[in-house]
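Chain by chain, the residues:
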Amino acid sequence: MLAFDDGQGFTRSRVVRVIRDDGSETLHGETVEDFRPSLALTLRTIEDVELARDGTLLRADVQKWNTVGTTEQKKRAVLDAVAGQVRVTRPSGSVAWTVGTAEPWVYYDLGSD
């Protein structure tokens, strides 16, 4: 397990990496950014990722909670690179689409939208 913090007490993360016998990997990460009391904002991220032996993304399940004051918003993205499927769920609903599987996949911080 790896643990990180920003040194100021606002952001802390932990990541667990498991390398399987076949060389593939799983990663589980949890990050909390808590800006209280100076700002009524807390961001939480949980990521579960599976990587092939060559490091390509097989699957990612990313959940984010944004709490502003007493209002909480949750969103989730599930990326299945093997099946070529993406599903994003937000408070306003869900959307799913297909993506080609010929090229490796990558995702960025889903909180940046």
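Whatever comes next refers back to the structure up there.
None of these values were measured; they are calculated from a predicted model.

Caption draft 1: Here's a closer look at the pairing of strand E2 (residues 11–19). Bridge count for strand E1 (residues 2–5) against E2 is four bridges, and the pairing is antiparallel. Bridging across to E2, Phe 4 finds its partner in Ser 13. Turn length for the E1-E2 hairpin, with the two strands adjacent in sequence and antiparallel, is five residues, and the turn residue Gly 7 shows positive phi of about 80°. Where E2 and strand E3 (residues 25–34) come together, nine bridges link them in antiparallel fashion. Counted as the bridge partner of Thr 11 is Glu 33 from E3. What sits between E2 and E3 in their antiparallel hairpin is a turn of five residues, with Gly 23 showing a positive phi close to 95°.

Caption draft 2: Representation of the nonpolar core within the structure. By size, the foremost hydrophobic cluster in this structure holds 10 residues: Val 49, Leu 51, Leu 57, Ala 60, Val 62, Ala 77, Leu 79, Ala 81, Val 86 and Trp 105. Counting only elements with at least two residues in this core, the list comes to strand E4 (41–51), strand E5 (57–68) and strand E6 (71–80). A per-element tally of this core places E5 first, with three residues. Apart from residues no more than four positions distant in its own chain, Leu 79 is found in contact with Leu 58, Arg 59, Ala 60, Gln 85, Trp 105 and Tyr 107.

Calculation notes
Residues numbered from 1 in each chain as written. Predicted model: local features only at pLDDT ≥ 70, side-chain atom pairs only at ≥ 80, totals over all residues. Heavy atoms only, no water. Pairing = 2+ DSSP bridges. Helix = DSSP H or I, 4+ residues; strand = E, 2+ residues; numbered from the N terminus. Core = buried A, V, L, I, M, F, W, Y, C linked by side-chain atoms within 4.5 Å. Buried < 20%, exposed > 50% of the residue type's maximum accessible area, 1.4 Å probe, protein only. Contact = heavy atoms within 4.5 Å.

Nothing here speaks to function; it is all geometry.
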